[in-house]
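Understanding the architecture of this molecule
Read off the chains here:
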Amino acid sequence: MVEELLLSGADIIKVGIGPGSVCTTRKKAGVGYPQLSAVIECADAAHGLKGHIISDGGCTCPGDIAKAFGGGADFVMMGGMLAGHDQSGGELIERDGRQYKQFYGMSSATAMKKYVGGVAEYRSSEGKSVEIPYRGDVDMTILDILGGLRSACTYTGAAKLKELPKRTTFIRVTQQTNEIFGGMHSGSND
């Protein structure tokens, strides 16, 4: 399909069905594809025709962004990672002394009501609306992401981000991180 879209005049193809944090497509429609596999396959097809892809969905930490670029993505969307900041959309809500921001998928009933006038009767909403803790300015999150990408390039020997796909090897694992101290705070004496 990537090849068809590029041959029909598209410049950039958005890749991602179901991996997003506020996406319910896999539950509602039973449709989806593992994101990294989709990125690798679609990037290969796109780059053969001088096209580009955007990886959309599934990023929860800077390492996920590095993997998307390593898989061949030219751009990476990070809706959930950037949500809740001053610079993101969504209404600021205060409840029980805590602040939250609304975050919703673009196929959610909230988005369709806001931008289209509502959910058409022939389809269903494929996204949810959530309230996430307010996170302040986005600067520290961006610095964390950039630091992760720089480290990924260093570890793989990529001199620049564009080189990352050539330097990346993916190995299937069952446990990505060691969570033995996942519930503890650093520096705790408990």
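Remember, predicted model here, so these are calculated numbers, not experimental data. (Residues numbered from 1 in each chain as written. Predicted model: local features only at pLDDT ≥ 70, side-chain atom pairs only at ≥ 80, totals over all residues. Heavy atoms only, no water.)

1. Description of helix 4 (residues 62–70)
Applied cut-off: Think of it in three bands: with a 1.4 Å probe and only protein chains considered, a residue is buried below 20% of the maximum accessible area for its type, exposed above 50%, and partly exposed in between. Numbered from the N terminus, helices here are DSSP runs of H or I no shorter than four residues, and strands are runs of E no shorter than two. Residue contacts are defined here by distance: any two heavy atoms, one from each residue, within 4.5 Å place the two residues in contact.
Taken across its nine residues, helix 4 has seven buried, putting it largely inside the fold. Those residues of helix 4 not exposed but buried are Pro 62, Asp 64, Ile 65, Ala 66, Ala 68, Phe 69 and Gly 70. Those residues of helix 4 that are buried lie in contact with helix 3 (35–48), strand 2 (52–56), strand 3 (75–77), helix 5 (79–82), helix 7 (139–156) and helix 8 (164–167). Following helix 4 by one or two positions, Gly 72 has its phi on the positive side, about 115°.

2. As for the sheet that holds strand 1 (residues 12–15)
The pairing of strands in a sheet comes from backbone hydrogen bonds and takes either a parallel or an antiparallel form. In plain terms, the rule: Should DSSP find at least two bridges between two strands, the strands are taken to pair. Only the contacting stretch of a helix is used when fitting its axis, a line to C-alpha atoms as for every element, and angles between N-to-C directions run 0 to 180 degrees.
Pairing within the open sheet is parallel, and its three strands lie in the order 1-2-3. The sheet is open, and its two edges are formed by strand 1 and strand 3, each paired on a single side. The sheet shows a mean angle of 25° between the axes of neighbouring strands, taken without regard to direction. Sheet topology note: the strand 1/strand 2 ladder contains four bridges and is parallel. The residue of strand 2 that forms the bridge with Val 15 is Ser 55. Across the sheet, helix 3 lies against strand 1 and strand 2, angled at about 170° from strand 2, the strand it touches most.

3. Some details on helix 3
Short version of the rule: Multiplying 1.5 Å by the residue count of a helix minus one yields the expected span of that helix.
A rise of 1.5 Å per residue sets the reference length of helix 3, with its 14 residues, at 20 Å; its end C-alpha atoms lie 20 Å apart and thus fit the reference within 8%. The complete set of buried residues in helix 3 reads Gln 35, Ala 38, Val 39, Cys 42, Ala 43, Ala 45 and Ala 46. Residues of helix 3 that are buried sit in contact with helix 1 (2–7), strand 1, strand 2 and helix 4. Positive phi appears at Lys 50, one or two residues downstream of helix 3, with a value of about 65°.

4. A few points about the pairing of strand 4 (residues 92–95)
Bridging between strand 4 and strand 5 (residues 98–104) involves four bridges; their strand directions are antiparallel. Paired with Ile 93 across the strands is Tyr 100, a residue of strand 5.

5. Comments concerning the sheet that holds strand 4
The strand order 4-5-6 describes an open sheet built from three strands, whose pairing is antiparallel. In this open sheet, the two edge strands, each paired with only one partner strand, are strand 4 and strand 6 (129–133). For this sheet, the mean inter-axis angle between neighbouring strands, taken without regard to orientation, is 40°.

6. A short note on the environment of Ile 17
Along the polypeptide, Ile 17 turns up in the loop between strand 1 and helix 2 (25–28). A relative accessible area of 45% places Ile 17 in the partly exposed class. Once you skip the residues sitting within four places of it in the chain, Ile 17 turns out to touch Thr 25, Arg 26, Val 31, Gly 32, Tyr 33 and Gln 35.

7. Focus: the nonpolar core
To keep things clear, this is the line we draw: Buried Ala, Val, Leu, Ile, Met, Phe, Trp, Tyr and Cys residues form a nonpolar core when they are joined through side-chain atoms within 4.5 Å.
Core analysis: the largest hydrophobic core is formed by 26 residues, its most contacted members being Val 2, Ile 53, Ile 65 and Val 76. Within the residue set of this core, elements represented by two or more residues are helix 1, strand 1, helix 3, helix 4 and helix 7. Not counting residues within four places of it along the chain, the set of residues in contact with Val 2 comprises Ile 13, Cys 42, Ala 45 and Ala 46.

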